[in-house]
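Listed here are the chains, written in short residue letters.
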Amino acid sequence: MLPGSARARAYPSNVIRIVVPAGAGTPPDIISRIVADELAANEGWRLVVENRPGALQTIAMNDVSNHPADGYALLTMSLPITVTPTLLPKTEIRPDVDFDAVIKISKSYTVLVTTPSLPVNSLPELVALLKSQPAKFNFSSAGFGTPSHLIGELFKLQAGVKATHVPYQQFPQAIADLISGINHFMFVTTLPVIDLIATGKLRALAVTAPGRIPALKEVPSVAEAGFPDLVTADWIGFAAKRNTPAEITAQLNEAINKVLLEPKIRNALEKIGAEPVGGSAAEFGDGIRADVARWARIIADADIKLAQ
């Protein structure tokens, strides 16, 4: 058997699979392909991106976990994966236990939008309206356990309001029903709704960032609006099966950090509403564990059940 340093020098001598727990065309898929293409160009590596959505990301987690811990199967992680241990407490696989963090690639924020027919122009006004008629309004999401759902539930807790969650499998239908007034508000990634906000088809009240963001400079942050604890970033990163040799993890981390410094990659991420992050594997691992703990508390407080 090769010693660790020899393994690292030989890596990668085969195709690296990047397993994405989301469908084609979603942010995790797009960002995984951006990074994979640039790694292939820069390093001469062979990489393939495979989509394995479903079962609260456990299909993809099991796929990677069933392969050797050799760095040839990577898992694309994003914020929703950190709720799996809480929503599926009997599952035998966990993102914070069974995988080694490699690198946090990007982060992005959501914007709180309302149907234009709703008589509110700010986050405090929405809170006041929801409190005045607690059984009347609902919020939509891109599906159970997605960031739009989780942040909506967090908002309800932070603001002390009630609203009915309406999940959608098809994102365009969720937006169409929001525009028409069937649903009343939604936390959504910025890119798909920037033009709808500019043309008045949706009204933006706040972004879930600590400050204003370049794409929506006129929209206040949730911190400005008086809800600093509502600041929440979605994120995307790579992880490997637990006990992958540290030299291989370090090699992947170094190569991807270089990719994230390239202006064309930063521009490509910004075009889809994401900011490059990078950093160490240890920092990313700490963040995963912190998010698992944070969302476990929120899910318990909100009494979110998978069967709802």
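The following paragraphs examine the structure supplied in this document. (Residues numbered from 1 in each chain as written. Predicted model: local features only at pLDDT ≥ 70, side-chain atom pairs only at ≥ 80, totals over all residues. Heavy atoms only, no water.)

**Some details on the packing of helix α2 (residues 27-43) against helix α9 (residues 246-260)**
Direction vectors running N to C along α2 and α9 enclose 105 degrees, while the axes themselves pass 10 Å from each other. Relative to α9, the element α2 is oriented roughly perpendicular. Every residue of α9 that contacts α2 at Val35, Glu38, Leu39, Asn42 and Glu43 is listed here: Ala255, Ile256 and Val259. Of the residues that constitute the contact of α2 with α9, the class distribution is 5 nonpolar, 1 polar and 2 charged. (Axes fitted to C-alpha atoms, helices over the stretch in contact; angles between N-to-C directions. Helix = DSSP H or I, 4+ residues; strand = E, 2+ residues; numbered from the N terminus. Parallel < 35°, antiparallel > 145°, perpendicular 65-115°, else oblique. Contact = heavy atoms within 4.5 Å. Nonpolar A, V, L, I, M, F, W, Y, C, P; charged D, E, K, R; others polar.)

**Focus: the environment of Ala73**
For Ala73, the location among the structural elements is in strand β3 (residues 73-78). The buried category is assigned to Ala73, whose relative accessible area is 6%. In this structure, the C-alpha to C-alpha distance between Ala73 and Arg17, residues 56 residues apart in sequence, is 4.7 Å. (Buried < 20%, exposed > 50% of the residue type's maximum accessible area, 1.4 Å probe, protein only.)

**Details of the environment of Met61**
You can see Met61 is positioned in helix α3 (residues 58-65). Met61 gets classed as buried once you look at its relative accessible area, which sits at 0%. For Met61 and Tyr72, which are 11 residues apart along the polypeptide, the C-alpha to C-alpha distance reads 14 Å. Every residue in contact with Met61, bar those within four places of it in the chain, is listed here: Leu56, Leu75, Ile81, Thr84, Ile93, Arg94, Pro95 and Phe99.

**Section: the packing of α2 against helix α10 (residues 263-271)**
Put simply, α2 and α10 touch, their axes get as near as 11 Å, and they point 170 degrees apart. Comparing the axis directions of α2 and α10 gives the class roughly antiparallel. Of α10, the residues touching α2 (which contributes Ile31, Ile34 and Glu38) are Lys264, Ile265, Ala268 and Leu269. Residues belonging to the contact of α2 with α10 are distributed by class as follows: 5 nonpolar, no polar and 2 charged.

**Details of the layout of surface pockets**
What the largest pocket holds in volume is close to 1200 Å³. Forming the walls of the largest pocket are 47 residues, and the residues nearest its centre are Thr26, Pro27, Pro28, Ala142 and Thr146. The set of elements that each furnish at least two residues to the lining of the largest pocket consists of α2, β3, β4 (99-114), α6 (147-159), β7 (185-189) and β9 (233-241). Considering every element that reaches the lining of the largest pocket, the biggest residue donor is β4, with 5 residues. (1 Å grid on protein atoms, 1.4 Å probe; cavity = no way out; pocket = protein on both sides within 12 Å on 5 of 7 lines; lining within 4 Å. Points joined across faces, edges and corners; volume = space filled by probe spheres on them.)

**Structural notes on α6**
An ideal rise of 1.5 Å per residue puts 18 Å on 13 residues; α6 measures up with 18 Å between its terminal C-alpha atoms. Counted residue by residue, α6 has 11 buried out of 13 residues, so it is predominantly covered. Inspection of α6 places Pro147, Ser148, His149, Leu150, Ile151, Gly152, Glu153, Leu154, Phe155, Lys156 and Ala159 among the buried residues, and these make up the whole buried set. Phi turns positive, to about 70 degrees, at Gly160, one or two residues after α6. (Expected span 1.5 Å × (residues − 1).)

**Some points on the packing of aromatic side chains**
Evaluation of the coordinates by the stated rule reveals 6 aromatic pairs. Arranged with centres 6.2 Å apart and planes meeting at 70 degrees, the rings of Tyr11 and Trp45 form a pair that is edge-to-face. Highlighted residues: Tyr11 in the loop between α1 (4-10) and β1 (16-20) and Trp45 in the loop between α2 and β2 (47-51), separated in sequence by 34 residues. Accessibility assignment for this pair places Tyr11 and Trp45 in one class, buried. Judged by centre distance (5.5 Å) and plane angle (85 degrees), the ring pair of Trp235 and Phe284 falls under edge-to-face. On the criterion of sequence distance, the pair formed by Trp235 in strand β9 and Phe284 in helix α11 (residues 281-302) is long-range, its members being 49 residues apart. Judged by relative accessible area, Trp235 falls into the buried class, the value being 4%. On the basis of relative accessibility, which here comes to 3%, the residue Phe284 falls in the buried class. Aromatic rings pair up to connect Phe139, Phe155, Phe185 and Phe187 into one cluster. (Phe/Tyr/Trp six-rings, centres within 6.5 Å; stacked < 30°, edge-to-face > 60°.)

**With respect to the pairing of β7**
For β7, the buried fraction is high: 4 of the 5 residues fall into the buried class. Where β4 and β7 come together, 5 bridges link them in antiparallel fashion. Within the sheet, the bridge partner assigned to Leu112 lies in β7 and is Phe187. (Pairing = 2+ DSSP bridges.)

**Re the nonpolar core**
Counting 50 residues, the largest nonpolar core has Leu123, Leu126, Phe155 and Phe185 as the members making the most contacts within it. With sequence-adjacent residues up to four places away left out, Phe185 is seen in contact with Leu112, Val113, Thr114, Leu126, Leu130, Asn138, Phe139, Ser140, Phe155, Ala163 and Leu178. Of all hydrophobic cores here, the second largest spans 29 residues; its members include Ile18, Trp45, Ile105 and Phe238. (Core = buried A, V, L, I, M, F, W, Y, C linked by side-chain atoms within 4.5 Å.)

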